[in-house]
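Listed below are the residues making up each chain.
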Amino acid sequence: MAQTAENTAFAKPDSRPTSPNFSSGPCKKRPGWSASALETEILGRSHRSKLGKQRLEEVIDRSREMLKLPDEYLLGVVPASDTGAVEMALWSMLGARGVDMLAWESFGSTWVSDVIKQLKLDDVRTLEADYGKLPDLASVDFDRDVVFTWNGTTAGVRVPNGDWIAYDRKGLTICDATSAIFAMELPWDKLDVVTYSWQKVLGGEGGHGIIILSPRAVARLESYSPAWPMPKIFRMTKGGKLIDGIFRGETINTPSMLVVEDAIDTLKWADSIGGLEGLLNRTRESRAHLDAWLATSDWAADLAEDPATASNTSMCIKIIDPWALGLSEDQQAALPKKISQILEAENVALDINGYRDAPAGLRIWGGATVEPSDIKALLPWLDWAYSVVKAEFAAGE
């Protein structure tokens, strides 16, 4: 007899996650978040007022302290989320020497396209890999500039560490770390430019990015002038000198002070749970729950082929059940979409279908604002939803 939603291999779980929010961006707000927790005195005031600058300086200072940045590194708030911060670095610094571009998922491929098609640099070497894999890191040439994502948000594949990055590099390392920072350990002595947004691991609101510069990056900015016109929102120098006000709360354009207050609120929460180590431990625990489940699953596996490269934030799952692999390509693509629809209807998990350009699968956010216990509670629901979908296919529904 064909299975039905009421007659499946897995019983419907009794317990539910306390929050169904597992989106990979914008991500879940911190536990206990409420708009009433935000300071509002600055709203309606100029960001250039004394109070406005104090609030921007506070988010900068708290971020620096939380990340344990070296004293000589700079951190500033910039426009247009992580995308704006990455583009600012690419447009302002590339072209001084050849560049190696690394890509193994959608966003890394976007940076490759921008450098080749928009900046039109002559000396570009592209090192690419399919979803689930990393490029050959040993072949990277650090006499050149190197651009890469630390964690591939759409593939769930990250670089395992910074051991592959040369200490004696001549070029700059430019790292898009938006779904890694606050969740993975970053070797600051190996990174010259790091970018991220508040809307990932901190669960903040969109619109603003962060750019972090090493002394080597500042030296590049002050010694090199790109051949192309520079949009205002990308300019970090004036008269050959760094505009250092950017890194003291003097933003290039008008920021949302409500978003700034939200970032401060989350940084205060992070401090209350043990700072950076507290954030890291929460993401590690969530990843451990997923790993334990995958080890016993007969239908799911991590998209990352090497466990050492599996993300603990954007955790991507592929379906490996031989039954499913025997379906048509369109039917295989429909499976995770149906699973996510079933769990959304149950209000158990929202926004977990894989990224549109990635292989068909599920993507579950395990960043620090997600309760690890919610990840654990979600996993039996995945089994149940998969068995429901499999039964529906068997019944020809």
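Further up the page is the structure itself.
Keep in mind the model is a prediction, meaning the values are calculated, not measured.

**Some remarks on helix 3 (residues 106-118)**
With 13 residues, helix 3 should cover 18 Å at 1.5 Å per step; its first-to-last C-alpha distance of 17 Å lies within 8% of that length. Among all positions of helix 3, only Ser-106, Gly-108, Trp-111, Val-112, Asp-114 and Val-115 are buried. Against the buried residues of helix 3 lie helix 2 (81-93), strand 2 (99-103), strand 3 (124-128), strand 4 (145-149) and strand 7 (173-176). Its side-chain oxygen 3.2 Å from the backbone nitrogen of Phe-107, Glu-105 forms the N-cap of helix 3. After helix 3 finishes, the residue Lys-120 shows a positive phi value of roughly 55 degrees.

**Side note on the sheet that holds strand 14 (residues 362-365)**
One open sheet accounts for three strands, arranged 12-13-14; its pairing is antiparallel. At either margin of the open sheet sits one strand with a lone partner, and together these are strand 12 (300-302) and strand 14. For this sheet the average axis-to-axis angle between neighbouring strands, irrespective of direction, equals 35 degrees. Looking at chain direction, strand 12 and strand 13 (residues 314-319) are connected through three bridges and run antiparallel. Counted as the bridge partner of Asp-302 is Ile-317 from strand 13. Where helix 6 (residues 275-294) meets the sheet, it contacts strand 12 and strand 13, and its direction lies at approximately 135 degrees from that of strand 12. Relative to strand 14, helix 9 (residues 372-394) is tilted by about 165 degrees, and along the sheet it contacts strand 13 and strand 14.

**Describing helix 4 (residues 215-223)**
All of the buried residues in helix 4 are Ala-217, Val-218, Arg-220 and Leu-221. One side of helix 4 holds all its buried residues, which, seen down the axis, span an arc of 155 degrees.

**Some points on the packing of aromatic side chains**
Here the structure, examined in full by the defined rule, presents 12 aromatic pairs. Measuring from centroid to centroid gives 5.8 Å for Trp-91 and Phe-234, while their planes differ by 50 degrees, and the two rings are tilted. Of the two residues, Trp-91 is situated in helix 2 and Phe-234 in the loop between helix 4 and strand 10 (237-238); the sequence distance between them amounts to 143 residues. Note on Phe-234: relative accessible area 11%, which makes it buried. Each ring, one from Phe-107 and one from Tyr-355, has its centre 6.0 Å from the other, and the planes form 45 degrees; the classification is tilted. Here Phe-107 is found in helix 3, whereas its partner Tyr-355 is found in the loop between helix 8 (329-345) and strand 14, with 248 residues between them in sequence. In this structure Phe-107 comes out as partly exposed when scored by relative accessible area, which is 29%. Assessed through its relative accessible area of 15%, Tyr-355 is described here as buried. Linked through ring pairs, Trp-293, Trp-299, Trp-323, Tyr-386 and Phe-393 together constitute an aromatic cluster. A cation over an aromatic ring shows up here: Lys-29 above the ring of Trp-33, its NZ or CZ 4.9 Å from the ring centre.

**Details of the pattern of salt bridges**
Where side chains of opposite charge bring their charged atoms close, a pairing between them can arise. For the structure on display, the rule yields 23 salt bridges. The closest approach of N and O atoms between Arg-55 and Glu-58, which form a salt bridge, is 2.8 Å. Taken together, the residues span about one helical turn, with Arg-55 and Glu-58 both in helix 1 (residues 50-67) at a distance of three residues. Each of the two residues, Arg-55 as well as Glu-58, counts as buried. With its nearest N and O atoms 3.0 Å apart, the salt bridge here joins Arg-169 to Asp-192. Within this pair, whereas Arg-169 is found in the loop between strand 6 (157-158) and strand 7, its partner Asp-192 is found in the loop between strand 7 and strand 8 (193-197), the two being separated by 23 residues in sequence. Among the ionic contacts, a cluster of salt bridges with common partners joins Lys-53, Asp-244, Arg-248 and Glu-250.

**Structural notes on the packing of helix 2 against helix 3**
For the pair helix 2 and helix 3, the least separation of the axes is 11 Å and the interaxial angle reads 40 degrees. Taken as axis vectors, helix 2 and helix 3 run oblique relative to one another. Helix 3 is crossed by helix 2, and the crossing has right-handed handedness. Along its contact with helix 2, which presents Thr-83, Val-86, Glu-87, Leu-90 and Trp-91, the element helix 3 presents Trp-111, Asp-114, Val-115 and Gln-118. Tallied by class, residues from the contact of helix 2 with helix 3 come to five nonpolar, two polar and two charged.

**Things to note about the sheet that holds strand 9 (residues 208-213)**
Within a sheet, neighbouring strands are paired by backbone hydrogen bonds and run either parallel or antiparallel to one another. Strands sit in the order 1-9-8-7-4-2-3 across an open sheet of seven strands; the sheet is mixed. A strand with exactly one partner marks an edge of an open sheet, and here the two such strands are strand 1 (74-79) and strand 3. The average undirected angle you get between the axes of adjacent strands in this sheet is 20 degrees. With three bridges connecting them, strand 2 and strand 4 associate as parallel partners. Paired with Asp-100 across the two strands is Val-146, which belongs to strand 4.

**Comments concerning the nonpolar core**
Nonpolar side chains in soluble globular proteins generally cluster together in the buried interior. One finds Trp-150, Ile-181, Phe-182, Trp-198, Ile-212, Leu-343 and Leu-382 to be the most contacted residues of the largest nonpolar core, which totals 91 residues. Among the elements that take part in this core, helix 9 stands out by supplying 11 residues, more than any other. Beyond its immediate stretch of four places on either side in the chain, Ile-181 contacts Leu-67, Leu-186, Trp-188, Val-194, Tyr-196, Val-201 and Ile-212. Core analysis: the second largest hydrophobic core is formed by 34 residues, Met-101, Leu-119, Val-193 and Ile-211 among them.

**What about the pairing of strand 8?**
Of all the five residues making up strand 8, five are buried; the element is thus mostly covered by neighbouring parts of the structure. The side-chain alternation of strand 8 yields two buried faces, one formed by Val-193, Thr-195 and Ser-197 and the other by Val-194 and Tyr-196. As judged from the three bridges shared by strand 7 and strand 8, these two strands associate in the parallel manner. The partner of Asp-176 across the bridge, within strand 8, is Thr-195. When strand 8 meets strand 9, the two strands line up antiparallel, connected through five bridges. Opposite Ser-197, over in strand 9, you have Gly-209 as the bridge partner.

So, how was this worked out
- Residues numbered from 1 in each chain as written.
- Predicted model: local features only at pLDDT ≥ 70, side-chain atom pairs only at ≥ 80, totals over all residues.
- Heavy atoms only, no water.
- Helix = DSSP H or I, 4+ residues; strand = E, 2+ residues; numbered from the N terminus.
- Expected span 1.5 Å × (residues − 1).
- Buried < 20%, exposed > 50% of the residue type's maximum accessible area, 1.4 Å probe, protein only.
- Contact = heavy atoms within 4.5 Å.
- Polar contact = N/O pair within 3.5 Å; in protein donor to acceptor, adjacent residues only side chain to side chain.
- Pairing = 2+ DSSP bridges.
- Axes fitted to C-alpha atoms, helices over the stretch in contact; angles between N-to-C directions.
- Arc of directions from axis to C-beta.
- Phe/Tyr/Trp six-rings, centres within 6.5 Å; stacked < 30°, edge-to-face > 60°.
- Lys NZ or Arg CZ within 6 Å of the ring centre and 35° of its normal.
- Salt bridge = Lys/Arg side-chain N within 4 Å of Asp/Glu carboxyl O.
- Parallel < 35°, antiparallel > 145°, perpendicular 65-115°, else oblique.
- Left-handed = near helix turned anticlockwise from the far one by under 90°.
- Nonpolar A, V, L, I, M, F, W, Y, C, P; charged D, E, K, R; others polar.
- Core = buried A, V, L, I, M, F, W, Y, C linked by side-chain atoms within 4.5 Å.

Any functional reading would require information beyond the geometric quantities listed.
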